[in-house]
Amino acid sequence: METLTKHKHSYTLTAGESDAEGRMPLTLVAERVIEVATEHANALGIGYATLIKENIGWVLSRLSIEMTRYPGINEEYTLTTWIENYNRRFSERNFMMSDAQGNVIGYMRTIWVAMDFATRSVADLSRLGREPFVMADLPCPIEKTPRIPSLSDDVVCEKYTFRYRDLDFNRHVNTVRYLDLILNHWGLEHYDRYVARRFDIMFHHECHFGQEVVLRVCDTPDSGHGALCEIALPDGSRAVAARILWKEVE
């Protein structure tokens, strides 16, 4: 089990995966994080095949991505993951992205909870025991996901109704679709000039097919070039909160 403290997977960014600037898109970073976390969980015996026997499954609760740069087309990159901490309510898992020369180009922090499919509430992870949660004493130098303040009523708002392709196999909105909705707020000229150096997102309530939500965005030039975002349900409650910090493209 000691050999499973870390898990890594190498990829090559294809042209079909890149964004309009020829870089790895933030959404693909999130997809790879979920994919590599799933691989490691399966290897540790706490993946889908094990959890579904208890009628529970992993759900991403928080995600923070901090990148020095993003891989370009045909560039090889490696994502390494390890568990930092674990308790009966959640598991903290970190990631490091490196290039083909071994240079670190990004870190990610995540928090995962197990959802009880019967009650749609957080399950008690203690039923899985402690042995499968092999933790590694490795540094992850980026800050943890910060608290994201509520937005005022006078921010920019856009309505959106979730469709079939927004769903995952749990029949709620796929994690990456929330990122798509947020990132599509800005146009091509913005992304020609800026790239996200830091992205934080917190998931509060799941959304479903046919549900109308409101994307609310507040640019924050006074506290560093960035934006605060939230996806609100019809009753005004927060489904998702996010923060983006931009930097100019070099």
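Here the structure is shown first, and the text comes after it.
Along each chain, residue indices are assigned from 1 in the same order as the chain's sequence is written. Since the coordinates come from a predicted model, pLDDT governs what is reported: local features require at least 70, and pairs of side-chain atoms require 80 or more to be given and counted, while whole-chain, interface and lining totals use all residues. Think of the side-chain values as coming from all heavy atoms in the structure, minus any hydrogens and water.

1. Here's the deal with the overall build of the protein chain
Phase 1: Numbering of helices and strands runs from the N terminus, with a helix taken as a DSSP run of H or I at least four residues long and a strand as a DSSP run of E at least two residues long. Helix and strand content of the protein chain: 4 helices and 11 strands.
Phase 2: Between the two quantities, the radius of gyration covers C-alpha atoms and the globule rule is 2.2 Å times the number of residues to the power 0.38. In summary, the protein chain has a C-alpha radius of gyration of 18 Å against a globular reference of 18 Å for 250 residues, a match within 12%.
Phase 3: When its C-alpha atoms are laid out on the principal axes, the protein chain stretches across 50 × 50 × 35 Å.
Phase 4: Classification of residues uses two cut-offs on accessible area relative to the type maximum, computed with a 1.4 Å probe and protein chains only: under 20% is buried, over 50% is exposed, and between them is partly exposed. Counting the 250 residues in the protein chain, one finds 50% classified as buried.
Phase 5: Throughout, a residue-residue contact means that at least one pair of heavy atoms, one from each residue, lies within 4.5 Å. Looking at the protein chain alone, contacts between residues at least 24 apart form 72% of all its contacts between residues at least 6 apart.
Phase 6: Of the roughly 12,400 Å² that the protein chain leaves accessible, carbon and sulfur atoms contribute 49%.
Phase 7: In this count, Lys and Arg are taken as positive residues and Asp and Glu as negative ones, while His and the chain termini are left out. Charge positions are represented by NZ for Lys, CZ for Arg, CG for Asp and CD for Glu. In the protein chain, the 28 positive side-chain charges and the 36 negative ones have mean positions that sit 5 Å from each other. Shrake-Rupley sampling with a 1.4 Å probe provides the accessible areas, and residues are treated as covered by the protein chains on show and by no other component.

2. Focus: the nonpolar core
Phase 1: What makes a nonpolar core is a set of buried Ala, Val, Leu, Ile, Met, Phe, Trp, Tyr and Cys residues whose side-chain atoms join them at distances within 4.5 Å. Counting residues in hydrophobic clusters, the biggest one holds 51 residues, and the most contacted among them are Met 97, Met 108, Tyr 178, Ile 182, Trp 186 and Ile 201.
Phase 2: A per-element tally of this core places helix α1 (residues 26–44) first, with 7 residues.
Phase 3: In this structure, Ile 46, Ile 56, Tyr 86 and Val 134 belong to the second largest nonpolar core, which totals 13 residues.

3. Description of the environment of Leu 51
Phase 1: For Leu 51, the location among the structural elements is in helix α2 (residues 48–51).
Phase 2: Leu 51 sits in the buried class, given a relative accessible area of 1%.
Phase 3: For the pair Leu 51 and Glu 31, spaced 20 residues apart in sequence, the C-alpha to C-alpha distance is 21 Å.
Phase 4: Contacts of Leu 51, omitting those with residues within four sequence positions, involve Ile 46, Ile 56, Gly 57, Trp 58 and Leu 128.

4. Describing the pairing of strand β9 (residues 212–219)
Phase 1: Strands qualify as paired when DSSP identifies two bridges or more between them. Bridge count for strand β7 (residues 156–161) against β9 is 6 bridges, and the pairing is antiparallel. Bridged to Glu 158 within β9 is Leu 215.
Phase 2: With 6 bridges connecting them, β9 and strand β10 (residues 226–232) associate as antiparallel partners. Counterpart to Val 214 in the pairing with β10 is Ala 232.

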